[in-house]
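# Residue-level structural notes
For reference, the chains in residue letters:
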Amino acid sequence: MKIYVLVLDDVFDTGLSTVLDTFGIANELGGMGEGHSSRFDVKLLAVRKQIRTSHGFIVPVVSAAGMERPDVVLVPAMGAKMPDQVRSALQRKEVADLCKLLHGWSGEGTTIAAACTGTFILAKSGLLDGHAATTSWWLAPLFRELFPKVKLDESHMLVNSGNRVTAGAALGHLDLALWLVRSISPALAATAARYLIIEPRHSQAAFIIPDHLAHTDPVVERFEQWARGKLAEGFSLSEAASATGTSERTLARRLQAVLGKTPLSYFQDLRVERAVHLLQTSNASVEQIASQVGYADGVTLRTLLRRKIGRGVRELRSRQ
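Model, not experiment: these values are computed from the prediction. (Residues numbered from 1 in each chain as written. Predicted model: local features only at pLDDT ≥ 70, side-chain atom pairs only at ≥ 80, totals over all residues. Heavy atoms only, no water.)

### Here's the deal with the overall build of the chain
Helix and strand counts for the chain stand at 15 helices and 11 strands. For a compact globule of 320 residues, the expected C-alpha radius of gyration is about 20 Å, and the chain comes in at 22 Å, within 12% of that figure. Taking the principal axes of its C-alpha atoms as reference, the chain extends roughly 60 × 45 × 35 Å. Counting all 320 residues of the chain, 49% fall into the buried class. Contacts in the chain between residues far apart in sequence, at least 24 positions, make up 67% of those at least 6 positions apart. Of the roughly 15000 Å² of accessible surface on the chain, a fraction of 51% belongs to carbon and sulfur atoms. In the chain, 37 side chains carry a positive charge and 31 a negative one; their mean positions are 2 Å apart. (Helix = DSSP H or I, 4+ residues; strand = E, 2+ residues; numbered from the N terminus. Rg over C-alpha atoms; globule rule 2.2 N^0.38 Å. Buried < 20%, exposed > 50% of the residue type's maximum accessible area, 1.4 Å probe, protein only. Contact = heavy atoms within 4.5 Å. Areas by Shrake-Rupley, 256 points an atom, 1.4 Å probe, with all protein chains shown as cover. Lys, Arg positive; Asp, Glu negative; His and termini not counted. Charge placed at Lys NZ, Arg CZ, Asp CG, Glu CD.)

In structure tokens, the structure reads:
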């Protein structure tokens, strides 16, 4: 597999090194067996002559101009981490040049992959329009604002849509690199994961902080504040709209635009978040906790926990 890691100036150090180390370990492990050689030919490319990481380290790169088509192009995260920083970084000419390269290689059949804030570059190129994708969970509201044509679901750790692959926040780079290794050899990917001491992570949901996302929009923030006081009660859209000082239609539209969810779905997320907190900080039974967050019984709560965050009660309580 020929892989180009397309590097921007101010690249996120951890993301870049994680990708390179994962492929390096996979090559070493693959070479242990007789007759095996490196399976991943990785090159660092850029559109600038000199690249520095966000911590100031110089990255040895070759020019992307005139390079032959690779199997995969991987875009690691930018050093920009917060919404205003990301918005500003996307205006750089370097990003526009990268987008042109991605378009050209994608048209030739290359798989285009990106992680964390690198997904914003892939989205800006237009290659994600009409496709499913994920991104850094705390930047989902900004992503939806800038790229409404993308089918975003930030709860996923990794999304494969055609020849476009996106991964979630920060160490999602590791999940992305292992996914590419797995596409060549599932056994090698499993061994590399053991060396790296990393378990499969199919979802970012367990790491998302709901109120952090809600505070990006005043209507959504008012809904979140109202909802937290009503978790033990039944949900009422009309009551929610009245409490937030808006119409039901406007409330639903704002939540969809900012969070990609209906009011009821977000209400359920808050119930799950509260249940997880109680499981990890109290000795209350599952039945008692279910009652406190508005569910009829513990069975329903257990099912929702498994479906929403991919973890069971025993696993959550072991993290106390």
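Having seen it, we continue.
### Section: the side chain of Ser-136
Note on placement: Ser-136 falls in the loop between strand 8 (132–133) and helix 5 (140–146). If we skip the residues at most four places from it in the chain, Ser-136 touches Cys-116, Thr-117, Gly-168, Ala-169 and Gln-204.

### Focus on the sheet that holds strand 6 (residues 72–75)
Reading across the sheet, the 7 strands line up as 5-2-1-6-7-11-10 and stay open at both edges, with mixed pairing between neighbours. Every other strand in the sheet has two partners, leaving strand 5 (62–63) and strand 10 (158–161) as the edge strands with one partner each. Judged from the 5 bridges that link them, strand 1 (residues 2–6) and strand 2 (residues 41–46) form a sheet pairing that is parallel. Its bridge partner being in strand 2, Leu-6 is matched across the sheet by Leu-45. Seen against the sheet, helix 3 (residues 93–107) touches strand 1, strand 2, strand 6, strand 7 (111–115) and strand 11 (164–167) and runs at an angle of roughly 160° to strand 1. (Pairing = 2+ DSSP bridges. Axes fitted to C-alpha atoms, helices over the stretch in contact; angles between N-to-C directions.)

### Points about the nonpolar core
Leu-6, Leu-102, Trp-105 and Ile-121 are the most contacted members of the largest nonpolar core, which totals 55 residues. Ranked by the residues each element gives to this core, the list is headed by helix 3, at 6 residues. Setting aside residues up to four positions removed in sequence, Leu-6 forms contacts with Leu-45, Ala-46, Ala-64, Val-73, Leu-74, Val-75, Pro-76, Leu-98, Leu-101, Leu-102 and Trp-105. Ranked by size, the runner-up nonpolar core spans 32 residues in total, among them Val-11, Ala-115, Val-165 and Ala-193. (Core = buried A, V, L, I, M, F, W, Y, C linked by side-chain atoms within 4.5 Å.)

### Some details on the packing of aromatic side chains
Note on aromatic pairs: each is described by the distance of the centres and the angle between the planes. Summed over the entire model, instances satisfying the criterion amount to 12 aromatic pairs. Both rings, one in Phe-23 and one in Phe-40, keep their centres 5.5 Å apart while their planes meet at 35°; by these two values the pair is tilted. One end of the pair, Phe-23, is in helix 1 (residues 13–30); the other, Phe-40, is in the loop between helix 1 and strand 2, with 17 residues separating them in the sequence. For the residue pair Phe-23 and Phe-40, the accessibility class agrees, reading buried in each case. Ring geometry for Phe-120 versus Phe-143: centroids 5.0 Å apart, planes at 75°, classification edge-to-face. (Phe/Tyr/Trp six-rings, centres within 6.5 Å; stacked < 30°, edge-to-face > 60°.)

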